[in-house]
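Observations on chain architecture
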Amino acid sequence: MLITVKYFGQIAEVTQKEEEELEVAKTSISKLLETLNAKYTDLKNKDFQIAQNQELVSLDTELTGAEIALLPPFAGG
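Below, the structure is looked at part by part. Fair warning: this is a prediction, and the values are worked out from it, not measured in the lab.

Thresholds, definitions, all that
Residues numbered from 1 in each chain as written. Predicted model: local features only at pLDDT ≥ 70, side-chain atom pairs only at ≥ 80, totals over all residues. Heavy atoms only, no water. Pairing = 2+ DSSP bridges. Helix = DSSP H or I, 4+ residues; strand = E, 2+ residues; numbered from the N terminus. Axes fitted to C-alpha atoms, helices over the stretch in contact; angles between N-to-C directions. Contact = heavy atoms within 4.5 Å. Buried < 20%, exposed > 50% of the residue type's maximum accessible area, 1.4 Å probe, protein only.

1. Brief notes about the sheet that holds strand E3 (residues 49-52)
Taken in spatial order, the five strands line up as E2-E1-E5-E3-E4 in an open sheet, and their pairing is mixed. Single-partner strands in this sheet number two, and they are strand E2 (19-23) and strand E4 (55-57). Neighbour-to-neighbour, the strand axes of the sheet open up by a mean angle of 30 degrees, direction not taken into account. Across four bridges, the pairing between strand E1 (residues 2-7) and strand E5 (residues 67-71) is parallel. Residue Thr4 lies in a different strand from E5, and its bridge partner there is Glu67. On the sheet, helix H2 (residues 29-39) packs against E1, E2, E3, E4 and E5 and is oriented at approximately 115 degrees with respect to E2.

2. Describing unusual backbone geometry
Of note in this structure, Gln16 is not a glycine but carries a positive phi near 60 degrees. Mapped onto the secondary structure, Gln16 falls in the loop between helix H1 (9-15) and E2. Take Gln16: its relative accessible area is 67%, and that puts it in the exposed class. With a phi angle near 65 degrees, Gln54 is a residue other than glycine that sits in the positive phi range. By the element assignment, Gln54 lies in the loop between E3 and E4. With relative accessibility at 72%, the residue Gln54 sits in the exposed group.

Next up, the structure:
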């Protein structure tokens, strides 16, 4: 399955890119995160939420979406 992973804020600084396409097996968000942590070791030290097709998801969610976003904490005001 081909997915697009989008990175924002401090996450984009760690990965040195705003987005990338990855070919992954149909799996869970947590397995995808393991892959990303292996590729970008500093990612483990960052706090972020994960969205699949623009909807926040938990780590045990099945990977079904074409778009995954890693969203760092943000403040409104």
